[in-house]
Amino acid sequence: MADSASLTTARSGSIAARPANTMTIAVTVSTIGALAGLLACGAPPASSAAIALTVPAAAIDVRQRRIPNAAVSASAVVLIAGGVTGLLLGNSTHAPGTVAGAATMCAPLLLIHLWSPTAMGFGDVKLALVLGAALGAVAVPLTLVALALAAGGTCLVGIVRRSRTMPFGPGLVGGAILAAASHPLWIESVSAAVSGSA
């Protein structure tokens, strides 16, 4: 009987481990795919890596409704390291755009968090800060594009699932990836609009 019970426990443990292993593989593939896609679209390496590294944070937010500091910190370290490396190599600095992007993407979420912490967690605010900095290094207006995509995508998923509460992390990460990947199109559109109004 003891052997039978042990075998049953082992089998249930093995079955429980399979979804976790599948999730890990899926997140790893998604992270690598996001990095490769962003680089292929011409996004700067540091920004591409910083954005791609937030994919695990989005996955955890879906399952646990929280964004771990470790994932956000890793992304921030990569972004800072890329900026420092650029300065040491004598490349043009993206510091003004990075700061402006971080503030632009983070400020609205911070205001919502201060007004209603249950409506917007502080993890989302920190994630937006890093993503905004990464996008700002490319072009500050991309932060607004990412926020619009994040809000629209999250609302759409909530309507389809008939859920009144949804994790916002996946929307932020997805919006940032789409905005960064399509940045030549957005920049060209903005330039054309400015030229037309001049």
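A brief look at the structure comes next. Every chain's residues receive numbers from 1 upward, in the order its sequence appears when written. Restriction of local features to residues with pLDDT of at least 70 applies here, the model being predicted, together with a cutoff of 80 or more for giving and counting side-chain atom pairs; totals for whole chains, interfaces and linings are based on all residues. Side-chain measures here rest on the full set of heavy atoms in the structure, leaving out hydrogens and waters.

Some words on the overall build of the protein chain
Turning to step 1, where the next piece is worked out: The way it works is that DSSP assigns letters per residue, a run of H or I at least four long becomes a helix, a run of E at least two long becomes a strand, and they are numbered from the N terminus. Broken down by element type, the protein chain carries nine helices and zero strands.
Turning to step 2, where the next piece is worked out: Note on exposure labels: buried denotes an accessible area under 20% of the residue type's maximum, exposed denotes more than 50%, and partly exposed covers the range between, all computed with a 1.4 Å probe on protein chains only. Here the protein chain holds 198 residues, and 33% of them are scored as buried.
Turning to step 3, where the next piece is worked out: Every residue pair with non-hydrogen atoms within 4.5 Å of one another is taken to be in contact. Sequence separation of 24 or more characterises 70% of the internal contacts of the protein chain that already satisfy a separation of 6 or more.
Turning to step 4, where the next piece is worked out: In the structure as shown, the protein chain presents an accessible area of about 11,200 Å², 71% of it carried by carbon and sulfur atoms. The accessible surface values rely on the Shrake-Rupley method and a 1.4 Å probe; as for residues, cover is taken only from the protein chains in view.

Quick word on the environment of Ala139
Turning to step 1, where the next piece is worked out: One can find Ala139 in the loop between helix 6 (122-136) and helix 7 (141-161).
Turning to step 2, where the next piece is worked out: Put simply, Ala139 and Gly97 are 42 residues apart on the chain and 6.8 Å apart in space, counted from C-alpha to C-alpha.

Considerations on unusual backbone geometry
Turning to step 1, where the next piece is worked out: Not every positive phi belongs to a glycine, and Arg65 is a case in point at roughly 55°.
Turning to step 2, where the next piece is worked out: Summarising the element assignment, Arg65 is placed in the loop between helix 3 (55-64) and helix 4 (69-88).
Turning to step 3, where the next piece is worked out: Look at Arg162: it is not a glycine, yet its phi comes out positive at around 55°.
Turning to step 4, where the next piece is worked out: Along the chain, Arg162 falls in the loop between helix 7 and helix 8 (169-181).

Overview of the nonpolar core
Turning to step 1, where the next piece is worked out: Of all hydrophobic cores here, the largest spans 38 residues; its most connected members are Ile51, Met105, Leu109, Leu127, Leu131, Leu135 and Leu172.
Turning to step 2, where the next piece is worked out: Elements that contribute at least two residues to this core include exactly helix 1 (2-40), helix 2 (45-52), helix 3, helix 4, helix 5 (95-115), helix 6, helix 7 and helix 8.
Turning to step 3, where the next piece is worked out: Ranked by residue count, the leading element in this core is helix 6, at eight residues.
Turning to step 4, where the next piece is worked out: Ignoring any residue separated from it by four or fewer positions in sequence, one finds Met105 in contact with Ala128, Leu131, Gly132, Leu135, Thr143, Ala146, Leu147 and Leu172. As used here, the term nonpolar core means buried Ala, Val, Leu, Ile, Met, Phe, Trp, Tyr and Cys residues forming a set that is joined through side-chain atoms within 4.5 Å.

Focus on the side chain of Asp124
Turning to step 1, where the next piece is worked out: The residue Asp124 is located in helix 6 in this model.
Turning to step 2, where the next piece is worked out: Despite its burial, Asp124 pairs with no opposite charge; the closest candidate is Arg65, at 9.3 Å N-O. By the counting scheme adopted, Arg and Lys are positive, Glu and Asp are negative, and His together with the chain ends is not counted. Here, a salt bridge means any side-chain nitrogen of Lys or Arg that lies within 4 Å of a carboxyl oxygen of Asp or Glu.

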